[in-house]
Amino acid sequence: MAAASNSDAPTTVGVRIAAAADLRYAMEQLIDLWHLANPGVAVEPVYGSSGTFFAQISEGAPFDVYFSADIQFPRDLELKGLAESGSTQPYAIGRIVVWVPEASTIDIQARGLAALSDPAVKTVAIANPEHAPYGRAAVSALEMAGEYDAVEPKLVLGENVSQAAQFVESGNADAGIIALSIALAPALKDKGRYAIVPIDSYPRLEQGAVVLNAAGDPSAAQAFLEFVLGPEGRTVLDRFGFILPPS
Amino acid sequence: MIDWQAVGVSVRLAATTTAILLVVGMPIAYWLARTKSPWRPIAEAVVALPLVLPPTVLGFYLLVAMGPNGPLGSLWAGATGGRLAFSFEALLLASVLSSLPFAVQPFSVAFAAVDRSMLEVSWTLGRSGPATFLRVVVPLSVGGILTGMVLTFAHTIGEFGVVLMVGGSIPGETRTVSIAIYDRVQALDYSGASATALALLLGSFVVLALTYGLRGLTIVPWLTRR
């Protein structure tokens, strides 16, 4: 289960990362692989909305590496002097899907976003577009598909994309627009069906990571970032449906 | 599985908050109970504010105040050279403030109920103000003081909004039980969430039942007293 890193984590923290919610499942696998190869350097993840992390890091939150779902946030941290100028690295491009639970009668694969205006769909979960990149992507895709006005009254907002996924996975929302990387997660894979939203219908979810100036152990932090950008990292990110930037 | 690390953070936070509010809250409560000052309503309103304010409001102000450029954050950096925001100390400060009314109000109700003639007897027998407080007022107010302590402890364990705003969910540092449960639910790890939630539920129940049973206390005097 994904909880493994919680209670078994060594007490000495090597690298503390703030990771966008869409990375949760891929990151758990990446960290397991990292610990196999580097048992001495514990990596401790915290997951949440990229925008919330941006605000927290700006107020001095003690993270070493920041994996954002929107590359603009780490670049803005560079401008604030919290990370070295020009050091932000693209690591993946995210994709969104429309997801419905297995029991749903909606033929999501055939109808895609248009299915969301169906009267059988009462609530649609998305991440909060105010600060979550996946929420912004969901809103743009709905607008592009001409469905936004019909779907807007049905929207329920998760604090981040994994809360949006939780809303629909638990049956409290009828459909959700979530990250492909979460739809492919072990916890969700067999519980529903999804349709990939055309990637040209929303602004590119270019994701970027940066080592923060306040990192306690900058070389370990940099090594973990390189590991995610390297061949092993790319294999895992690819498996979770991310499009990879040129290496 | 139960997130023991988060349980540890929560218990440490609640115990320290209770200890601090016992020391800080008693003089405030005694002053509120005895004073004839025209400032009293203002002071009472300030103490009660955390009851009314959404935790996010308190959390928002604290987050900004404790940041590197905020007044508390820069004061802290000057004194210790470290960062305040997102540390255990930041969480402690936030929970002392948000639990203030849960300690001060029951203390104050108990102090106000102490018969004034008892105090006068103590004074005429030559006891000073502080000695009278410790030897007469406190023993006669044990019920209210315990009530305040239990409420403070329980409220801190259950605090969510303020912790979410100022904590940052850092394992072993600021990830409390309530935040850990929220995180497990978002990870769709319902078994992890329910194990920790069940532990919290049973623990809270046992503590409250023991407190009621052992002391025969009225936990919420303003509801049960006619």
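In this text, all values refer to a predicted model and were calculated from it rather than measured experimentally.

Scoring rules and cut-offs
- Residues numbered from 1 in each chain as written.
- Chains lettered and ligands numbered in written order.
- Predicted model: local features only at pLDDT ≥ 70, side-chain atom pairs only at ≥ 80, totals over all residues.
- Contact = placed C-beta atoms within 7 Å.
- Helix = DSSP H or I, 4+ residues; strand = E, 2+ residues; numbered from the N terminus.
- Nonpolar A, V, L, I, M, F, W, Y, C, P; charged D, E, K, R; others polar.
- Axes fitted to C-alpha atoms, helices over the stretch in contact; angles between N-to-C directions.
- Parallel < 35°, antiparallel > 145°, perpendicular 65-115°, else oblique.
- Left-handed = near helix turned anticlockwise from the far one by under 90°.
- Buried ≥ 20, exposed ≤ 12 C-beta atoms within 10 Å, placed from the backbone.
- Expected span 1.5 Å × (residues − 1).
- Core = buried A, V, L, I, M, F, W, Y, C linked by C-beta atoms within 7 Å.
- Pairing = 2+ DSSP bridges.

Engineer: Explain the interface of chain A and chain B to me, and be specific about the residues and the numbers.
Structural biologist: Counting residues at the interface gives 21 residues for chain A and 22 residues for chain B. Breaking the side of chain A that touches chain B down by element, the ones donating at least two residues are helix H1 (4-7), strand E2 (43-48), helix H8 (161-169) and helix H10 (186-189) of chain A. The element that contributes the greatest number of residues to the side of chain A that touches chain B is H8(A), accounting for 4 residues. When grouped by side-chain class, the residues that make up the side of chain A that touches chain B number 9 nonpolar, 7 polar and 5 charged.

Engineer: Any details on the packing of helix H3 (residues 50-58) of chain A against helix H4 (residues 72-79) of chain A? Residues and values, ideally.
Structural biologist: Residue and element names in this part refer to chain A. Where H3 meets H4, the closest approach of the two axes is 10 Å, and the angle between their N-to-C directions is 10 degrees. Here H3 is positioned roughly parallel relative to H4, judged by the angle of their axes. As for how H3 packs across H4, the hand of that crossing is right-handed. Facing Ser50, Gly51, Phe54 and Ile57 of H3, the residues of H4 in contact are Phe73, Asp76 and Leu77. In the contact of H3 with H4, the residues fall into 4 nonpolar, 2 polar and 1 charged.

Engineer: Quick one: what's the story with the environment of Leu72(B), residue by residue and with numbers?
Structural biologist: All names here are of chain B. The topology assignment puts leucine 72 in helix H4 (residues 71-80). Residue leucine 72 is classed as partly exposed on the basis of its C-beta count, with 16 C-beta atoms lying within 10 Å. Considering only alpha carbons, one finds leucine 72 and alanine 90, 18 residues apart in sequence, at a separation of 9.7 Å. Setting aside chain neighbours within four positions, we find leucine 72 in contact with Ala65, Met66 and Leu84.

Engineer: Break down helix H8 (residues 142-158) of chain B for me, with residues and values.
Structural biologist: The end-to-end C-alpha distance of H8(B) is 24 Å, a good match for the 24 Å that 17 residues give at a rise of 1.5 Å each. The complete set of buried residues in H8(B) reads Gly144(B), Ile145(B), Thr147(B), Gly148(B), Met149(B), Val150(B), Leu151(B), Thr152(B), Phe153(B), Thr156(B) and Ile157(B).

Engineer: Requested: an account of the nonpolar core, with residues and values cited.
Structural biologist: Counting residues in hydrophobic clusters, the biggest one holds 135 residues, and the most contacted among them are Val65(A), Tyr66(A), Ile96(A), Ile178(A) and Val166(B). Beyond its immediate sequence surroundings of up to four residues, Ile178(A) is in contact with Ile96(A), Val97(A), Trp99(A), Val161(A), Ala164(A), Ala165(A) and Ala183(A).

Engineer: Tell me what's going on with the sheet that holds strand E4 (residues 89-94) of chain A, and back it up with residues and numbers.
Structural biologist: Residue and element names in this part refer to chain A. Here 5 strands make up an open sheet; going across it, the order is E2-E1-E3-E10-E4 and the pairing mixed. Across the chains shown, the open sheet's two edge strands, defined by having one partner strand only, are E2 and E4. Direction aside, the axes of adjacent strands within the sheet are offset by 20 degrees on average. Here strand E1 (residues 15-20) runs beside E2; their pairing, made up of 6 bridges, is parallel. Counted as the bridge partner of valine 15 is valine 43 from E2. Helix H2 (residues 24-37) contacts E1 and E2 of the sheet and is inclined by roughly 180 degrees relative to E2.

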